[in-house]
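What follows is the residue order along each chain.
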Amino acid sequence: MKHSIRVRFTLIFVGIIAVTIGACLFINQFFLENFYLQNKQQVLMDAYNHMNELLDSARDDETSQMEALLRDLRDSNNISAIIIDGGGGMIYYSTPDYRSLQNRLSWYLFADVDGETAGPLIVDRIYESDQYNIILIENQLAAGNATYMESWGFFSNGGLFLMSLPVESIRESVAVSNEFYLIIGIIAIIVSAVIVFFMTRKLTKPLQELSAISEQMAGLDFHVRYHTNAQDEVGILGNSMNHLADALERAIGELQTANAQLKKDIEEKIQIDDMRKEFLSNVSHELKTPIAIIQGYAEGLKDGINDDDEESRNFYCDVIIDESSKMNQMVQKLLNLNQLEFGNSEVETEVFDIMALIEGVVHASEILIKQKEGTIFLPKGNPVYVNADEFMIEEVVKNYLSNAIHHLEGEKVIQISLREMGDCVRISVFNTGQPIPEEDLDKVWIKFFKADKARTREYGGSGIGLSIVKAIIDKHHQRCGVENRENGVEFWFTLKLEKNIEKNEINA
């Protein structure tokens, strides 16, 4: 609480009020009496001039004017006065105790005013002239040695006057005024402190809100905003913090996006490096076996093994040719896959009958199916026209069918089916046999991945065919997948349908 800006504002305001009141009390105590005396001195001087003018004017209403003046002096300024003509007769007076004023005037005129003990004690001579004097006296004959400011002298017509003003009333007024001012000041300080303490809440509340917002911004939370319609300095500060939050939010967002992209790029680079290492390892592994076989059989031929046996030499040559063919096929597939993955192979779309394409691929593979003693079922019905690259899709069907033939087991059935799905057609190739482990279903599209390496080698697979399928289907912006069925495995892909196409339009 001691650090609260409300408390500081209150203490500062109360301090200012206290210092102001203290200064006023100090000024009252030491300067107010002199100010009163100077003011009364001027009143006495003005009264003399006014009386002198009335006596010189010889107006018909002189008496009423003079009496009114004396009443005003008595009532407004507590001044007692007597006026005596030149012969010593009383003309005007404003107090019942005019005798004492008359005696004191006589003392001023005829006694030793500088030191007569029987008369008043002169405290200060305030003003002196040929016409009148103003002095400050201490009347030792009065109770408590009362102090008076008195003016006495002569009028132009020869008349005499004395005006007396008790100074003690001034001092009492000053004391009472200071006491009252002190009480009011203390009350004002207390009331002001309470009012300021609660009124500053209106000022400190938005500052507290801004402080809370700044703490949230320090914690990188830039969604907070300061809501205000005020046009003062606090409102301007709040709007500035809102603009700062917007700018920081955009900057942090851009940095986060850039950081995420950089992280993604780094991960992709790491993945590409890993894939490159894996690719080189797989290529080396795939080439190592046929190269070793070719080398071994070539060395056997060179060393003249079974020179007299033509059948053995032919066998050696057949093995070398077969392994060389496998290497050539693998290299060719790698080149094709590289072209597909890096965009060097363009898709040339055209409308064709996918049913006819499938029948052609199946017809070309009948010998392999018979060798595996398998049965294949083809879809029946009208032609189904699709929009795709016919050469690439033929490669997809060949790979799916070849994969199915080589994994035939059990009933040894291959089922090819088509199903329309909106503006696409789904082509599926199912074969009976062992299911693919669930953890390997997403990996079959990876280059050189082989769930069963021994059997893959047995039928001459390289582990690239399904990668080529995935690349071709991605090029067509379509989907492909694999699913385990109850007694086998189903591979599928989708193509865009071309409806309302007549066959003669295709042939044309």
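This text follows the structure it describes.
Structure report, in brief. Just so it is clear, the structure is predicted and the values come from calculations on it, not from any experiment.

**What to know about the sheet that holds strand β1 (residues 80-84)**
- Reading across the sheet, the six strands line up as β2-β1-β6-β5-β4-β3 and stay open at both edges, with antiparallel pairing between neighbours. Whereas interior strands pair on both sides, the edge strands pair on one side only; in this sheet they are β2 (90-93) and β3 (121-128). If you compare each strand with its neighbour and ignore which way they point, the axes differ by 15° on average.
- Two elements, strand β4 (residues 132-139) and strand β5 (residues 146-154), share eight bridges in a ladder whose sense is antiparallel. Of the residues in β5, the one forming a bridge with I134 is S151.
- Lying over the sheet, helix α3 (residues 98-110) contacts β1, β2, β4, β5 and β6 (160-166), oriented at roughly 115° with respect to β6.

**Describing the packing of helix α9 (residues 390-406) against helix α11 (residues 465-475)**
- Closest axis-to-axis distance for the α9/α11 pair is 9 Å, and the angle between their directions is 145°. For the element pair α9 and α11, the recorded crossing hand is left-handed. Of the residues in α11, those in contact with M392, I393, E395, V396, N399 and Y400 of α9 are G465, L466, I468, V469, I472 and I473.
- Its residues assigned to classes, the contact of α9 with α11 comprises nine nonpolar, two polar and one charged.

**Some thoughts on unusual backbone geometry**
- Of note, N78 is a non-glycine position whose phi angle comes to about 60°, a positive value.
- Within the fold, N78 resides in the loop between α2 (62-77) and β1.
- For N78, a relative accessible area of 39% translates into the label partly exposed.

**Observations concerning the environment of Q102**
- The topology assignment puts Q102 in helix α3.
- In this structure, Q102 is in contact with I82, I84 and M90, ignoring residues within four places of it in sequence.

**Here we look at the pairing of strand β11 (residues 424-432)**
- With nine of nine residues buried, β11 lies mostly within the body of the structure.
- Residues of β11 alternate between two faces, with C424, R426, S428, F430 and T432 on one and V425, I427, V429 and N431 on the opposite face, all of them buried.
- In terms of strand pairing, strand β10 (residues 413-421) meets β11 through eight bridges, oriented antiparallel. Looking at β11, one finds that E420 is bridged to V425.

**A word on the packing of aromatic side chains**
- Applying the stated criterion to the full structure yields 13 aromatic pairs.
- Each ring, one from Y48 and one from F155, has its centre 5.5 Å from the other, and the planes form 10°; the classification is stacked. Here Y48 is found in helix α1 (residues 5-57), whereas its partner F155 is found in the loop between β5 and β6, with 107 residues between them in sequence.
- Residue classification places F155 among the buried positions, given a relative accessible area of 5%.
- Taking the centre distance of 6.1 Å and the plane angle of 85° together, the rings of W445 and F491 count as edge-to-face. With a gap of 46 residues between them, W445 in the loop between β11 and α10 (453-459) and F491 in strand β13 (residues 488-496) connect regions that are remote in the sequence. With respect to burial, W445 and F491 carry one shared label: buried.

**Here we look at the sheet that holds β10**
- Judged by pairing direction, the sheet is mixed, and its five strands sit side by side in the order β8-β10-β11-β13-β12 without closing on themselves. Edge positions in the sheet fall to β8 (375-377) and β12 (480-484), since each has one partner strand and no second. Adjacent strand axes in the sheet meet at a mean angle of 15° when their direction is disregarded.
- In this structure, β11 lies alongside β13, joined through nine bridges in antiparallel fashion. Counted as the bridge partner of V425 is L495 from β13.
- Across the sheet, α9 touches β8, β10, β11, β12 and β13, and the angle it forms with β13 is around 175°.

**A closer look at the pairing of β6**
- For β6, the buried fraction is high: seven of the seven residues fall into the buried class.
- Here β6 shows a buried face lined by L160, L162, S164 and P166 and a second buried face lined by F161, M163 and L165.
- Two strands pair when backbone bridges link them, and β5 and β6 are joined in this way by seven bridges, in the antiparallel orientation. Residue pairing across strands places Y148 opposite P166, the latter belonging to β6.
- Counted along the chain from β5 to the antiparallel partner β6, the turn is five residues long, and its residue G158 has a positive phi close to 95°.

**Here we look at the nonpolar core**
- Membership of the largest hydrophobic core comes to 42 residues, with the highest contact counts inside it found for I354, I393, Y400, W445, F491, F493 and L495.
- Where this core is concerned, the elements lending two or more residues are α7 (354-364), β9 (385-388), α9, β10, β11, α11, β12 and β13.
- Examining the composition of this core, we find that eight residues originate from one element, α9, more than from any other.
- Those residues within four positions of Y400 in sequence are excluded, and the remaining contacts are V429, W445, L466, V469, C480, G481, F491, W492 and F493.
- Within the second largest apolar cluster, 26 residues are counted, among which are L73, A81, I83 and Y92.

**Regarding α3**
- The end-to-end C-alpha distance of α3 is 18 Å, a good match for the 18 Å that 13 residues give at a rise of 1.5 Å each.
- For α3, the full list of buried residues reads L101, R104, L105, W107 and Y108. All buried residues of α3 project into a common sector of 155° when viewed along the axis, lining one side. Facing away from the buried side of α3 by over 90 degrees, the exposed positions are R99, N103 and F110.
- Tucked into the core, α3 has its buried residues touching β1, β4, β5 and β6.

**Regarding a negative patch on the surface**
- A grouping of E346, E348, E350 and E390 is seen on the molecular surface, where their side chains present a negatively charged patch.
- Among the secondary structure elements, E350 is positioned in strand β7 (residues 350-353).
- Overall, the relative accessible area of 38% leaves E350 in the partly exposed class.

**Some details on the packing of α7 against α9**
- Running from amino to carboxyl end, α7 crosses α9 at an angle of 50°, the nearest separation of the two axes being 10 Å. If you check the angle between α7 and α9, you find them oblique. Between α7 and α9 the crossing geometry is right-handed. Side by side, α7 and α9 meet where I354, L357, I358, V361 and V362 of the first sit next to E390, I393, E394, V397, K398 and L401 of the second.
- Among the residues forming the contact of α7 with α9, the class breakdown is eight nonpolar, no polar and three charged.

Cut-offs applied
- Residues numbered from 1 in each chain as written.
- Predicted model: local features only at pLDDT ≥ 70, side-chain atom pairs only at ≥ 80, totals over all residues.
- Heavy atoms only, no water.
- Pairing = 2+ DSSP bridges.
- Helix = DSSP H or I, 4+ residues; strand = E, 2+ residues; numbered from the N terminus.
- Axes fitted to C-alpha atoms, helices over the stretch in contact; angles between N-to-C directions.
- Contact = heavy atoms within 4.5 Å.
- Left-handed = near helix turned anticlockwise from the far one by under 90°.
- Nonpolar A, V, L, I, M, F, W, Y, C, P; charged D, E, K, R; others polar.
- Buried < 20%, exposed > 50% of the residue type's maximum accessible area, 1.4 Å probe, protein only.
- Phe/Tyr/Trp six-rings, centres within 6.5 Å; stacked < 30°, edge-to-face > 60°.
- Core = buried A, V, L, I, M, F, W, Y, C linked by side-chain atoms within 4.5 Å.
- Expected span 1.5 Å × (residues − 1).
- Arc of directions from axis to C-beta.
- Patch = residues over 30% accessible without salt bridge, like charges linked within 9 Å, V, L, I, M, F, W, Y side chains within 5 Å.
- Areas by Shrake-Rupley, 256 points an atom, 1.4 Å probe, with all protein chains shown as cover.
- Salt bridge = Lys/Arg side-chain N within 4 Å of Asp/Glu carboxyl O.
- Lys, Arg positive; Asp, Glu negative; His and termini not counted.
- Charge placed at Lys NZ, Arg CZ, Asp CG, Glu CD.
- Parallel < 35°, antiparallel > 145°, perpendicular 65-115°, else oblique.

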